[in-house]
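# Notes for the structure review
Given next are the chains, with one letter for each unit.
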Amino acid sequence: MPSYLITGASRGIGLAFLENLSSTPGNTVIGLVRNVADTEVKIAEWKRTNIHLIQGDLTNYESLKSAVDATSKITGGSLDYLIANAGLVPGISAREPFSVLGQDPDQLQTQLVELFQINVVGNIHLFNLFLPLILKSDIKKVITISSGMADIELARTYSIYENALYSISKAAVNMAMAKFSAEYAKEGVLFLSVCPGMVDTGHNSGATEKQGKKFMALSEKFMQYQPDFKGPITPEESVKDVLNVIEKASVANGDGGAYYSHLGKGEKWL
Ligand SMILES: NC(=O)c1ccc[n+]([C@@H]2O[C@H](COP(=O)([O-])OP(=O)(O)OC[C@H]3O[C@@H](n4cnc5c(N)ncnc54)[C@H](OP(=O)(O)O)[C@@H]3O)[C@@H](O)[C@H]2O)c1
């Protein structure tokens, strides 16, 4: 039965991946988290023996190296699915346009560098370090949980200036996936970026009235893009959809290095 490693398994979409995948007793499911003890408390009531939690931080290369050794010991030297879900998702204030962000250039630079450190550089290290294990698998699937916000056409067509720095980091990781695919598709490794949809993981809680109005303005642009959009989905719904896309995708079908929605190739992001 297959082995999975999910990063950012402590909460939100990552925790839902952990729950969904470990509900099949034969799966070996490894959650990479920054704080093992905290996550152990969250999953204790599931009483599942096929979950293994290991420590790792995308900003700490040595911790990722140790995570590879720990994974290898659990799986016997290979890994079937690597799901790079962990990411820095900035708070509500990051929705301001460049004209506002630019009023504090130091802060803009700090935020962009931090986003790159985690969402881009951290994931590139993660993929390089885990590739020897992936190459020993028969399945060989490496997935990044990306975002529709990285879609240039969406930003252009619907004037979506919000979350610029985060969107840039997700567009960059999409390109990294395409480059990894360009190198490793011939060895049968699928690299795929998947947007999870708009998922309620609490990022909009605690908004001030002003921030709430700005979110409404963004939601109106999303409604123009996708008039049948019914609002955010739950992490459980998102994970079910994303796993479906991951299962169907393959190098042989031409999916290597692509960027799909939770509903699949060419589908809307929300
Ligand atoms: N929610 C959405 O609507 C949505 C939409 C599009 C894309 N996404 C993407 O989906 C993924 C998950 O989103 P989410 O809403 O579940 O986010 P979330 O609730 O903010 O969870 C983020 C996860 O990433 C982990 N993480 C953050 N920095 C890390 C680091 N340096 N090293 C290791 N782990 C780190 C966090 O661990 P700690 O608990 O230790 O902080 C947490 O487990 C992200 O990549 C996000 O960009 C989400």
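Note that residues are indexed from 1 along each chain, following the sequence as it is written. Local features in this predicted model are restricted to residues whose pLDDT is 70 or higher, and side-chain atom pairs enter the listing and the counts only when it is 80 or higher, whereas totals over whole chains, interfaces and linings include all residues. Computation of side-chain values covers all heavy atoms of the structure but excludes hydrogens and water.

By the naming in an unreviewed UniProt entry, the chain is NAD(P)-binding protein, taken from Clathrospora elynae.

Glancing now at the nonpolar core. Judged by nonpolar contacts, the single largest core of 31 residues is most densely connected at Ile6, Phe17, Leu18, Leu21, Ile83 and Leu192. At the level of elements, β1 (3-7), α1 (12-22), β2 (28-33), β3 (51-55), β4 (81-84), β5 (141-145), β6 (190-194) and α9 (235-248) are the ones that each hand at least two residues to this core. Among the elements that take part in this core, α1 stands out by supplying six residues, more than any other. Note on definitions: a residue-residue contact is assigned when non-hydrogen atoms from the two residues lie within 4.5 Å. Once you skip the residues sitting within four places of it in the chain, Leu18 turns out to touch Ile6, Ala9, Val29, Ile30, Gly31, Ile43, Trp46, Ile51 and Leu53. Core analysis: the second largest hydrophobic core is formed by 26 residues, Leu82, Ile134, Val142 and Tyr184 among them. Nonpolar cores are built from buried Ala, Val, Leu, Ile, Met, Phe, Trp, Tyr and Cys residues. Side-chain atoms within 4.5 Å join them into one set. Throughout, exposure labels follow a simple rule: accessible area from a 1.4 Å probe, protein chains only, divided by the maximum for the residue type, with under 20% read as buried, over 50% as exposed, and the rest as partly exposed. Numbering of helices and strands runs from the N terminus; a helix is a DSSP stretch of H or I covering at least four residues, while a strand is a stretch of E covering at least two.

This brings us to the packing of aromatic side chains. Ring geometry is summarised as follows: Phe, Tyr and Trp rings, the Trp one being its six-membered ring, pair when their centres sit within 6.5 Å, and such pairs are stacked at plane angles under 30 degrees, edge-to-face over 60 and tilted between the two. Going through the model one piece at a time under the given rule, you end up with eight aromatic pairs. Aromatic side chains Phe180 and Tyr184 sit 6.4 Å apart centroid to centroid with 25° between the ring planes, which places their arrangement in the stacked category. Taken together, the residues span about one helical turn, with Phe180 and Tyr184 both in helix α7 (residues 164-184) at a distance of four residues. Three or more aromatic residues joined by ring pairs make a cluster, and in this case those are Phe127, Phe180, Tyr184 and Phe191. Sitting over the face of the ring of Tyr161, Lys221 holds its NZ or CZ atom 4.0 Å from the ring centroid. Both a distance and an angle decide whether a charge sits over a ring: NZ of Lys or CZ of Arg must be within 6 Å of the ring centre and within 35 degrees of the ring normal.

Each salt bridge in this description consists of a side-chain nitrogen of Lys or Arg and a carboxyl oxygen of Asp or Glu lying within 4 Å of one another. If you walk through the whole model with that rule in mind, you get five salt bridges. The salt bridge involving Lys214 is made with Glu96; its shortest N-O contact spans 2.9 Å. One end of the pair, Lys214, is in helix α8 (residues 209-225); the other, Glu96, is in the loop between β4 and α4 (98-101), with 118 residues separating them in the sequence. You can call Lys214 partly exposed: its relative accessible area is 34%. The salt bridge involving Lys213 is made with Glu209; its shortest N-O contact spans 3.9 Å. Of this pair, Lys213 and Glu209 are both found in helix α8, four residues apart, which corresponds to roughly one turn of the helix. As far as the burial class goes, Lys213 and Glu209 line up, both exposed.

What follows covers the site of the ligand. Within the structure, the ligand sits among 25 residues, and Ser10, Arg11, Arg34, Tyr166 and Thr201 are positioned closest to it. In protein, a polar contact requires one atom able to donate a hydrogen and another able to accept it; more generally it is a pair of N or O atoms within 3.5 Å, and residues adjacent in sequence count only if both atoms are side-chain atoms. In this structure, Arg34 approaches the ligand through a side-chain N or O atom, which is 2.7 Å from an oxygen atom. Measuring from an oxygen atom of the ligand, one finds a side-chain N or O atom of Lys170 at 3.0 Å. For the ligand, the accessible surface in isolation is 900 Å², of which the surrounding protein chains cover 91%. Elements with a contribution of two residues or more to the shell around the ligand: α1 and α7. In the shell around the ligand, the residues fall into ten nonpolar, eleven polar and four charged. A cutoff of 4 Å decides nearness: a residue is near a molecule or strand if any of its heavy atoms lies inside that distance of it. Values of accessible area rely on a 1.4 Å probe in the Shrake-Rupley scheme; residue burial ignores everything except the protein chains shown. Following the grouping adopted for this structure description, the nonpolar residues are Ala, Val, Leu, Ile, Met, Phe, Trp, Tyr, Cys and Pro, the charged ones are Asp, Glu, Lys and Arg, and the polar ones are all others, Gly among them.

The topology assignment puts Ser137 in the loop between α5 (105-135) and β5. Not counting chain neighbours up to four residues away, the residues in contact with Ser137 comprise Ser78, Leu79 and Asp80.

On to the pairing of β1, then. For β1, a buried count of five out of five residues is recorded, marking the element as mostly surrounded by other parts of the structure. Residues Ser3, Leu5 and Thr7 line one face of β1 and the alternating positions Tyr4 and Ile6 line the opposite face, and both faces are buried. Pairing between strands requires that DSSP locate at least two bridges from one strand to the other. Pairing of β1 with β2, which is carried by five bridges, proceeds in the parallel orientation. Within the sheet, the bridge partner assigned to Thr7 lies in β2 and is Leu32. The handedness of a crossover follows from its direction of travel: if, with the strands pointing away from the viewer, the path from the first strand over the helix to the second runs clockwise, the crossover is right-handed. Of the crossover connections in this fold, the one passing from β1 over α1 to the parallel β2 is right-handed. By the bridge criterion, three bridges tie β1 to β4 in an arrangement that is parallel. Bridge pairing in β4 links Tyr4 to Tyr81.

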